[in-house]
Amino acid sequence: MLTIDAQPGPFTFEPSKTALVVIDMQRDFIEPGGFGESLGNDVSLLAAIVPTVASLLALARREGWLVVHTRESHAADLSDCPPAKRARGAPNARIGDPGRMGRILIRGEPGNAIVDELAPLGSELVIDKPGKGAFYATPLGGELAARGITHLVFAGVTTEVCVQTSMREANDRGYECLLVEDATASYIPAFRQATLEMVRSQGGIVGWTAPFASLAQSHGEKRGWN
Ligand code: C5J
C-alpha cells in the first residue's frame, strides 16, 4: 500500500488495484482549430497541463498501473449523439459539423485523436464515450471490474465537465478517486478551482485531490530516490 499527502486527508492505495484515467486529452479540446476553440475558448489554458499529464503517464507506466484514456466522440452518423447535445454550443460549430481538424468530435477524425505527446500505448485502454462521463454507454465499468481495480487517479480536461462527471460516476460506483490538481484544466480557471474544492469538501464527498508532486514524492521515496 502507498499513502500520499492529499486533501482532505491522506490517500492510500494499492498500486496493482489502481488505474490512471486520463480524460479527453484530445486535439479537439487542446489545439487551435478544434471544437474548444470554435466555442470561443482559450485552448492554451488546457495545453499548459500536457507536460504534467505526460509525467503522470510516465509514473503510471513505470509503476505498472492500468492506464485508461478516454475520448469524447460520436459515431459518424451521430446515432449516439442526442439532438439536445448537438443543439448546444456555437451554431456554426456543432458536433458533426466540418471543422479545421475534420468533423467535430467524430470518431476517427484528426481532431478527435489524443494529442501526440500523450498518445496511448497499444497495451492501454482507450474508451470512446458519447457522454461527458466515462462510464455512461461505455465498457469502462466492466473493464475495471475484470481487472479488480478499486482506486482511480484522474487527470484531463475539462475539470468541471468531463473530469468531474466521470469522477462522480466512479464515486457512485464505489471507487476511491484522486484528482491530480495540476494535471487537470478548464477554459474557465475559476471552475477548475471550484471543482477541486467541491470534490474534497465534506470529508471527500467525491474523493481526494493532490498535486502531482505528492505522487512523485511518494513513489521516489518507495524506490529510495529521495
Ligand atoms: C466538454 C470535456 N467540455 N471533455 N468536454 O465538452 O470536458
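Above this text you will find the structure in question.
Quantities reported herein were computed from a predicted structural model and do not represent experimental measurements. (Residues numbered from 1 in each chain as written. Predicted model: local features only at pLDDT ≥ 70, side-chain atom pairs only at ≥ 80, totals over all residues. Heavy atoms only, no water.)

Asker: Just checking my understanding: could you explain the state of the cysteines for this structure?
Answerer: Note: disulfide means a covalent bond formed between the sulfur atoms of two cysteine side chains. In total, this model carries 0 disulfides according to the counting rule given. C162 provides the cysteine sulfur closest to C81, a residue in no disulfide bond, and the two sulfurs are 13 Å apart. C81 gets classed as buried once you look at its relative accessible area, which sits at 8%. Considering cysteine sulfurs only, C162 is the nearest to C177, which forms no disulfide, with 15 Å between them. (Disulfide = S-S within 2.5 Å. Buried < 20%, exposed > 50% of the residue type's maximum accessible area, 1.4 Å probe, protein only.)

Asker: Would you mind going over the packing of helix α7 (residues 159-172) against helix α8 (residues 189-204) with me for this structure?
Answerer: Two packed helices can be described by the angle between their axes and the distance between those axes. Taken N-terminus to C-terminus, the directions of α7 and α8 make an angle of 15 degrees; their axes are 10 Å apart at the nearest point. Our classification of the angle between α7 and α8 gives roughly parallel. Considering only the axes of α7 and α8, their crossing is right-handed. Contact residues: α7 offers T159, E160, Q164, M167 and R168, while α8 offers F191, R192, T195, M198 and V199. Per-class residue counts for the contact of α7 with α8 are 4 nonpolar, 3 polar and 3 charged. (Axes fitted to C-alpha atoms, helices over the stretch in contact; angles between N-to-C directions. Helix = DSSP H or I, 4+ residues; strand = E, 2+ residues; numbered from the N terminus. Parallel < 35°, antiparallel > 145°, perpendicular 65-115°, else oblique. Left-handed = near helix turned anticlockwise from the far one by under 90°. Contact = heavy atoms within 4.5 Å. Nonpolar A, V, L, I, M, F, W, Y, C, P; charged D, E, K, R; others polar.)

Asker: It is not clear to me how the pattern of salt bridges should be interpreted in this structure. Could you clarify?
Answerer: Opposite charge on two side chains makes pairing possible when the charged atoms of those side chains draw close. Considering all chains together, one arrives at 12 salt bridges under this definition. A salt bridge links D24 to K129; the nearest nitrogen and oxygen atoms lie 2.8 Å apart. Of this pair, D24 sits in the loop between β3 (18-23) and α1 (27-30) while K129 sits in strand β7 (residues 125-129), placing them 105 residues apart in sequence. Across the pair, exposure class does not vary: D24 and K129 are buried alike. Here K132 ties to E72 by a salt bridge, and the two come within 2.9 Å at their closest N and O atoms. (Salt bridge = Lys/Arg side-chain N within 4 Å of Asp/Glu carboxyl O.)

Asker: What's the story with the pairing of β7 in this structure? I'm lost.
Answerer: Regular strands place their side chains on alternate faces of the sheet. Here β7 shows a clear split, with L125, I127 and K129 buried on one side and none of V126 and D128 buried on the other. Pairing between strand β4 (residues 66-72) and β7: 5 bridges, direction parallel. Each residue of the ladder has a partner; that of T70, found in β7, is I127. (Pairing = 2+ DSSP bridges.)

Asker: Would you take a moment to explain the environment of L140 for this structure?
Answerer: Residue position: L140 is located in helix α6 (residues 140-146). Relative accessible area serves as the criterion here: at 1%, L140 is assigned to the buried category. In this structure, the C-alpha to C-alpha distance between L140 and V163, residues 23 residues apart in sequence, is 14 Å. Among all residues touching L140, those that are not within four sequence positions of it are V68, I127, A134 and F135.

Asker: What is the right way to read the nonpolar core from this model?
Answerer: General note: in soluble globular proteins, nonpolar side chains tend to be found buried as a group. Counting 44 residues, the largest nonpolar core has M25 and L215 as its most contacted members. Secondary structure elements with two or more residues in this core: β1 (2-4), β2 (11-13), β3, α1, α4 (50-63), β8 (151-157), β9 (176-185) and α9 (212-222). For this core, the element with the most residues is α4, which contributes 6 residues. The contact partners of M25, leaving out residues within four places of it in the chain, are I30, I49, V50, V53, T70, A113, I114, V115, L118, G156 and V157. Core analysis: the next-biggest nonpolar cluster, separate from the first, contains 24 residues, A134, L140, L144 and I149 among them. (Core = buried A, V, L, I, M, F, W, Y, C linked by side-chain atoms within 4.5 Å.)

Any link to function would need more than the numbers given here.
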